[in-house]
Amino acid sequence: MRYSSAGPDGVPDALFDLDAVTAPTPAGRTGGSGGREPGRGPDHRFPFRDSPAARRLLPVRSVYAEPAAAGSPRGRQILARFPDAELIEVDSHWRIPGLHGNEGNVDRWVRVKGETLVLGVKKTLTTRPNGRSADWIAPGPSNGCAMACAYCYVPRRKGYANPITVFTNIDGIIAHLARHVARLGPKREPNQCDETAWVYDIGENGDCSVDALICDNTADLVRAFSR
Ligand code: SF4
């Protein structure tokens, strides 16, 4: 069964049909034996993000990038994944002319989220106390996402568009967190977050799962916390 997501003009206006979620992996893209081929993960599979289904989920056509972000190792990896996308250099990932503050973008709210990507460098790295769902709010590796929750507060500072902004200085974010963890030491008293473990929220203003369709920021954070 196909679940159409076409808008009134017949043009798809959702990120993907539900069929995309269950689209089969193309023959020859999984399994394998012997040494690990370039692009394959440690389990010898190609990442889902390189599948045609993932390309349909996130058909990036424009990338707005701060020069430092575009030139960083993570930025270059991301740009290599979207070779056909138009690269537009911007001074800042905030208040991008034509994107943020453009009232006309409201009608294309979801489409902008799938077709537009922003790359920036996160300048302020702070970990804030929380105490409710997490002990600490870590500096997130992104803000914005591919969804459209009505209650979302992330777009408030952007205006009329809230595409995914990926921060490319993931090494700096992880180094900051490593210092924070080392300073804390073990948790001495149980609380509602966890009895023994410090809990960090790593995706306060974004969606780590969609970030994983773009790059290894989420994987790098998971690896860092597992050490
Ligand atoms: S950032 Fe979170 S709350 Fe906002 S639209 Fe995305 S998933 Fe929803």
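Here the structure is shown first, and the text comes after it.
Before going into details, it helps to say that this report is about the structure given with it. Position numbers for residues start from 1 in each chain and track the written sequence from start to end. With the structure being a predicted model, the display of local features is reserved for residues of pLDDT at least 70 and the display and counting of side-chain atom pairs for 80 or more, all residues being used for whole-chain, interface and lining totals.

## As for the site of the ligand
And step 1. A molecule or strand has a residue near it when that residue's C-beta atom, placed from backbone coordinates, lies within 6 Å of it. Surveying the vicinity of the ligand reveals the residues C145, M147, A148, C149, C152, V154, G206 and D207.
And step 2. For the shell around the ligand, the residue count by class is 6 nonpolar, 1 polar and 1 charged. Polar here means any residue outside two lists: the nonpolar Ala, Val, Leu, Ile, Met, Phe, Trp, Tyr, Cys and Pro, and the charged Asp, Glu, Lys and Arg; Gly therefore counts as polar.

## Quick notes on the nonpolar core
And step 1. In this structure, Y64, A65, L117, L119, I164, V166 and I214 are the most contacted members of the largest nonpolar core, which totals 31 residues.
And step 2. Segments assigned H or I by DSSP are reported as helices when at least four residues long, segments assigned E as strands when at least two residues long, and all are numbered from the N terminus. Going through the elements one at a time, β1 (62–65), α2 (67–71), β3 (116–120), β7 (164–167) and α5 (170–184) are the ones with two or more residues in this core.
And step 3. The greatest single-element share of this core, amounting to 4 residues, is contributed by α5.
And step 4. What counts as a contact here is a pair of residues whose C-beta atoms, placed from the backbone, lie within 7 Å. Contact partners of L119, with chain neighbours within four places excluded, come to V63, A65, E66, A69, A70, G75, I78, V166 and T168. Nonpolar core, as used here: buried Ala, Val, Leu, Ile, Met, Phe, Trp, Tyr and Cys residues forming one set through C-beta atoms within 7 Å. Around each residue's C-beta, the other C-beta atoms within 10 Å are counted; 20 or more make the residue buried, 12 or fewer make it exposed, and counts in between make it partly exposed. All C-beta atoms are placed from the backbone.

## As for unusual backbone geometry
And step 1. In this structure, R95 is a non-glycine residue whose phi angle is positive, near 50°.
And step 2. Here R95 lies in the loop between β2 (86–89) and α4 (109–115).
And step 3. The exposure class assigned to R95 is partly exposed, which follows from the 13 C-beta atoms found within 10 Å.
And step 4. A positive phi angle, near 70°, is found at Y160, a position not held by glycine.
And step 5. For Y160, the location among the structural elements is in the loop between β6 (142–143) and β7.

## So, the sheet that holds strand β4 (residues 128–129)
And step 1. At least two bridges found by DSSP between two strands are what make those strands a pair. With mixed pairing, the 3 strands of this open sheet are ordered in space as β4-β5-β8. The sheet terminates laterally at β4 and β8 (200–201), the two strands that pair on one side only.
And step 2. Note that β4 and strand β5 (residues 136–137) share 2 bridges and pair antiparallel. By the bridge assignment, P129 is partnered in β5 with W136.

## Focus on the sheet that holds β2
And step 1. Strand order in the open sheet formed by 5 strands is β2-β1-β3-β7-β6, and the pairing between neighbours is mixed. Strands at the two margins of the open sheet, each flanked by one partner only, are β2 and β6.
And step 2. The sheet contact formed by β3 and β7 spans 4 bridges and is parallel. Across the sheet, the residue bridging to L119 is V166, located in β7.

## Details of helix α7 (residues 217–226)
And step 1. If you check which residues of α7 are buried, you get N217, T218 and L221. With its buried residues spanning 100° around the axis, α7 presents them on a single face. Every exposed residue of α7 that faces more than 90 degrees away from the buried side is listed here: R223 and S226.
And step 2. Residues of α7 that are buried sit in contact with β6, β7, α5 and α6 (208–211). The arc in question is the one traced by the directions running from the helix axis out to the C-beta atoms.

## Remarks on helix α3 (residues 73–81)
And step 1. Where α3 is concerned, the buried positions are R74, G75 and I78. Down the axis of α3, the smallest arc covering the buried residues is 100°, so these residues share one side. The outward face of α3, more than 90 degrees from its buried face, is lined by the exposed residues P73 and A80.
And step 2. Considering only its buried residues, α3 is in contact with β1, α2, β3, β7 and α5.

## With respect to the environment of A65
And step 1. In this structure, A65 sits in strand β1.
And step 2. Take A65: there are 24 C-beta atoms within 10 Å of it, and that puts it in the buried class.
And step 3. Taking C-alpha positions, A65 is 7.1 Å from L87, a pair spaced 22 residues apart along the chain.
And step 4. Once residues within four sequence positions are removed from consideration, A65 is found in contact with A70, G75, L87, E89, V90 and L119.

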